[in-house]
Amino acid sequence: MAYKVTMRFNLLRALAPVFTAVSCTLLSSCGLAVMMSSDPAPVLTPVQPAPLAKNVQYVAPTIKAPTLVNPSSSLSSDISGNTQISWSRGNPNQKYIALTFDDGPVTSNTTRLLDMLKRRNIKATFYVLGNRVQNNPSLVKRMVAEGHELGNHTWTHGKLTNMSDTKVRWELDKNRDAIVAATGIKPRTMRPPYGALSTRQRNWIFKEYGYPTILWDVDPEDWKKPGISVVKDRILSKTRNGSIILLHDLHSVSVDAVPSTVDALLRKGYKFVTVSQLIALSK
Ligand code: NI
């Protein structure tokens, strides 16, 4: 019997914390539960309020500035009177610059890029690849509808200096036909893949197609994927009046670098135009 009483007593002692815990859960205040347990009441240390820091001033919360918008223009895109065969920069006396994107369209990147440009009213020039145009006709339609320009960047992106004139014609024709099929508009300029085109080729292409060869003066080498801030810094340090900036919407990092880069250029007072507008301004 004594053994049984001891067992019961031990059992009650063992279960006491459980009762306490259950009480804590059931009751809104643990204070009552503490009183019910056999443990002595805890010693409560009063919490001292933190002293007010001296010389602390109110700091206004950071509010995101509204997106800068490129000014609208009704500049001419007519380059029919142009006699200059190659361009790597426009008029150095005006703050107009051209943003160019090569090797697309690529659905995810180009869609995102078009959204960014639209928000800022920036009109760019896309040196598209014919086979990608054929696969994404709706994207190139959207480019034209939103005021961008399309340029001929060949069909296969091969090195034109290694090709016969017949093959070069085939590359340019296939690209042009894909752009016309998708948009009803002919490209007005061309950019050779890798910038590789001999003087002789530039001359006959200009005579035959009316395409000036468009190169660039700002190349951040974004295709090497050096990171957003490097792409941005290179563009900001090299861009000047009349610059033609080379980027590739083929790569997501290039598209990622666009918003902060173009916002910084807008803050510097540059105005974005298409390549044909840049040429027309340089007559
Ligand atoms: Ni290219």
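One can find the structure itself at the top, above this paragraph.
Residues numbered from 1 in each chain as written. Predicted model: local features only at pLDDT ≥ 70, side-chain atom pairs only at ≥ 80, totals over all residues. Heavy atoms only, no water.

(A) Local environment of the coordination of the nickel ion. Around the nickel ion, the donor atoms from the protein are Asp103 (OD), His153 (NE2) and His157 (NE2), and they sit 2.1 Å away. Among the residues examined, histidine 157 registers a relative accessible area of 16% and is labelled buried. (Donors = N, O, S within 2.8 Å, 3.2 Å for Na, K, Ca; no water. Buried < 20%, exposed > 50% of the residue type's maximum accessible area, 1.4 Å probe, protein only.)

(B) The arrangement of the pairing of strand E6 (residues 244–248) in detail. Of all five residues in E6, five are buried, a share of seventy percent or more. Because side chains alternate across E6, one face comprises the buried residues Ile244, Leu246 and His248, and the other comprises Ile245 and Leu247, equally buried. Here strand E2 (residues 96–102) runs beside E6; their pairing, made up of five bridges, is parallel. Looking across to E6, one finds that leucine 99 is bridged to isoleucine 245. (Helix = DSSP H or I, 4+ residues; strand = E, 2+ residues; numbered from the N terminus. Pairing = 2+ DSSP bridges.)

(C) A look at the environment of alanine 124. As for its position among the elements, alanine 124 is in the loop between helix H3 (107–119) and strand E3 (125–128). Owing to a relative accessible area of 0%, alanine 124 belongs among the buried residues under this scheme. Note: C-alpha distance between alanine 124 and threonine 274 (150 residues apart in sequence) is 5.3 Å. With residues up to four places along the chain from it excluded, the contact list for alanine 124 reads Leu99, Phe101, Leu117, His148, Glu149 and Thr274. (Contact = heavy atoms within 4.5 Å.)

(D) Structural view of the nonpolar core. Ranked by internal contacts, the top residues of the largest apolar core, which has 35 residues, are Leu99, Phe101, Leu117 and Phe126. Breaking this core down by element, the ones donating at least two residues are E2, H3, E3, helix H5 (137–145), helix H6 (165–183), helix H8 (228–238), E6 and helix H9 (252–267). If you tally residues by element for this core, the top one is H9, at seven residues. Sequence-distant contacts of phenylalanine 101, defined by excluding residues within four places in its chain, comprise Leu113, Leu117, Ala124, Thr125, Phe126, Tyr127, Leu247, His248, Asp249 and Val258. One finds Ile79, Tyr96, Ile244 and Leu278 within the second-largest nonpolar core, a separate group that totals eleven residues. (Core = buried A, V, L, I, M, F, W, Y, C linked by side-chain atoms within 4.5 Å.)

(E) Region of the structure containing the pairing of E3. Judged by which residues are buried, E3 turns out to be covered on both faces: Thr125 and Tyr127 on one side and Phe126 and Val128 on the other are all buried. In this view, the connection linking E2 to its parallel neighbour E3 by way of H3 has right-handed handedness. Judged from the four bridges that link them, E3 and strand E4 (residues 149–152) form a sheet pairing that is parallel. Note that in E4 the partner of tyrosine 127 across the bridge is glycine 151. (Right-handed = clockwise from strand over helix to strand, strands pointing away.)

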